[in-house]
Structure formats: C-alpha cells, structure tokens
Amino acid sequence: EETLARRVSLEEANAFLTIKKATAGKIAFAVFLCILSPICLILLGVAAESGVLPVSENMAGGIGMIVMLLMVAAAAAVFVLCGAQTKPYEYLEKEPIQAARSVIQMAREQQESSRERYGRWNVAGVSLCILAALPLLIAAMLSESAVAVIAALCVTLALAGLGTTFLIRVGIRWESLQKLLEEGDYSREAKRRRHGHGSISAAFWLGTVSIYLAYSFITGDWRRSWIVWPVAGVLYAALAAALSGRRGR
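Residues numbered from 1 in each chain as written. Predicted model: local features only at pLDDT ≥ 70, side-chain atom pairs only at ≥ 80, totals over all residues. Heavy atoms only, no water.

**Student:** Please provide a residue-by-residue account of the environment of leucine 17, values included.
**Tutor:** Relative to the helices and strands, leucine 17 is located in helix 1 (residues 10-36). Accessibility expressed as a relative area gives 4% for leucine 17, which makes it buried. A C-alpha to C-alpha distance of 9.9 Å links leucine 17 and threonine 86, two positions 69 residues apart in sequence. Beyond its immediate chain neighbours, meaning those up to four positions away, leucine 17 contacts Met106, Gln110, Arg173, Ser176, Leu177 and Leu180. (Helix = DSSP H or I, 4+ residues; strand = E, 2+ residues; numbered from the N terminus. Buried < 20%, exposed > 50% of the residue type's maximum accessible area, 1.4 Å probe, protein only. Contact = heavy atoms within 4.5 Å.)

In structure tokens, the structure reads:
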C-alpha cells in the first residue's frame, strides 16, 4: 500500500495550501450569494402583493427571478473557477498519499497554531446559524404584518448566510491540513468508503430529483413538494450510516 501511495513533496503541499487559502474566501462568498439570492424575489413579491410597490405581482416576480438567477450564476462561476484551480490536487482526497516528513511536520505545526482560531470561528458560525431564527420568531410574535414577517425572514437568511461563510472559510483551511495528514474524513479508510459509496450516492440523489420533479409536475403542488429534500437528507444520512456499518463488519 505504501508503494502505491502517491508521494507529496513540501513544494507541492505549500502550493496546495496557498491555492486553498486563496479560494476559501471566494467559495464562502459564493455560498453567501446563493443563500441571499431569493431575498429580492421574496421582498418584491410581498411588496407587490401588499401594495407597498406600485407594480404588478408578475413584474415583481420577474425582476426577483432575474436578480436571483444573476446571483446564482455569479456564484456558479466562482465555484467552477475555484474548482479548476484545485482540480490538480483532487488526488489528496481520493487516493492514498505518502507525504514527506517535512510536509507532515509543517502541517502539524500549522494545525496546532490554527486550532484555537478554528474553534473560535466555528463557534461564531454555529451560533449565528442558530440565532438567525430569532428575527423571524420575534417578528411573528410581535407583528401581524406580512411585510414585517417577510423582512425578518430575509434578515434570518442573511444571518444564516454570514454564519455559513465563517464555517466555510475556516473549514476549508482545516480540511486542507487534514488531507495532507490523512486524518478525519480524509483517512485512508474514509477514502475507501467514499469511493465505494460514490455510485450509490449519485443514484440516490438522482432518484430524489426524479421523485421531486415527477410529483411536482403531476400534482402541481410546488408549495409542498419541497418536503422531499429534508426527508431525503435524513434518509441519506441513515443510508450512509448503514453502509458504513456494513463495511466495518
């Protein structure tokens, strides 16, 4: 197994960490754009419906959709460009590696020096994601205005998006070091499991998309068909746990 492992030099490791550090902020911002993208559509829709804006609901919905698609397209462009930059290093998360001793020492030192910062930003990100629900809950309790509740929903999305960016920025950096050290989700055993589960994962999510689209188009019940996604998320976690247990046995 050591013979088949790909060797990683210090120069290669430093180049990998430099690229990941440069792309972490961009990816976090792109995710933030995706989370913010429906806000304009939501606000314009409720403003048009309540008469706050002198435009038709169709006009408001059209403008909101255009803004949302532009933001998602910009985010997708960032994802593609960052993916192209890191593609030469995909083997670090898929293949067994044999890092040079200097690489392991460097990664250990950086891991120890950033451990406190990683924990601090993780706490901030998780706390923001949890507390993001407060504006919506407060508006629902204190106001009967649909506009106020929808505005609070938009604040909730913005806070959750900000918390997510904190998690992504520090998470990418931490996972980069784990890849070089083959720890956590990037240990050799985890890589083997991920390789075996890849086709099952693809089949599961393609099946979920098919069920969602078939149900939505046949019934026209787009308001409630979204429930397919949280249910699928829970089922996928259960499936992954079952497959991991089976592989362990």
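And the narrative resumes.
**Student:** Go over the environment of glycine 83, please, and point to the residues and values.
**Tutor:** Within the fold, glycine 83 resides in helix 3 (residues 57-86). Judged by its relative accessible area of 31%, glycine 83 falls in the partly exposed class. In this structure the C-alpha to C-alpha distance between glycine 83 and threonine 23, which are 60 residues apart in sequence, comes to 8.9 Å.

**Student:** Just give me the short version of the packing of aromatic side chains, but keep the residues and values in it.
**Tutor:** Tallying each qualifying case throughout the model produces eight aromatic pairs. Consider the rings of tyrosine 118 and tryptophan 174, whose centres lie 4.4 Å apart with planes at 10 degrees: the pair is stacked. One end of the pair, tyrosine 118, is in helix 5 (residues 101-131); the other, tryptophan 174, is in helix 7 (residues 146-181), with 56 residues separating them in the sequence. Ring geometry for tyrosine 212 and tryptophan 229: centres 5.4 Å apart, planes at 55 degrees, overall tilted. Taken together, the residues tyrosine 212 in helix 8 (residues 188-219) and tryptophan 229 in helix 9 (residues 228-248) connect sequence positions 17 residues apart. Taking relative accessible area as the criterion, tyrosine 212 reaches 17% and is therefore assigned buried. Judged by its relative accessible area of 32%, tryptophan 229 is partly exposed. In textbook terms, an aromatic cluster arises when at least three aromatic residues are bridged by ring pairs, as seen for Phe204, Trp205, Tyr212, Trp229 and Tyr236. (Phe/Tyr/Trp six-rings, centres within 6.5 Å; stacked < 30°, edge-to-face > 60°.)

**Student:** If you had to explain the pattern of salt bridges to someone new, which residues and values would you point to?
**Tutor:** Overall, the coordinates contain eight salt bridges when judged by the stated rule. Here arginine 120 makes a salt bridge to glutamate 116, at a shortest N to O gap of 3.8 Å. Residue arginine 120 and its partner glutamate 116 are located together in helix 5, separated by four residues, close to a single helical turn. Overall, arginine 120 belongs to the partly exposed group, its relative accessible area being 47%. Judged by its relative accessible area of 63%, glutamate 116 is exposed. (Salt bridge = Lys/Arg side-chain N within 4 Å of Asp/Glu carboxyl O.)

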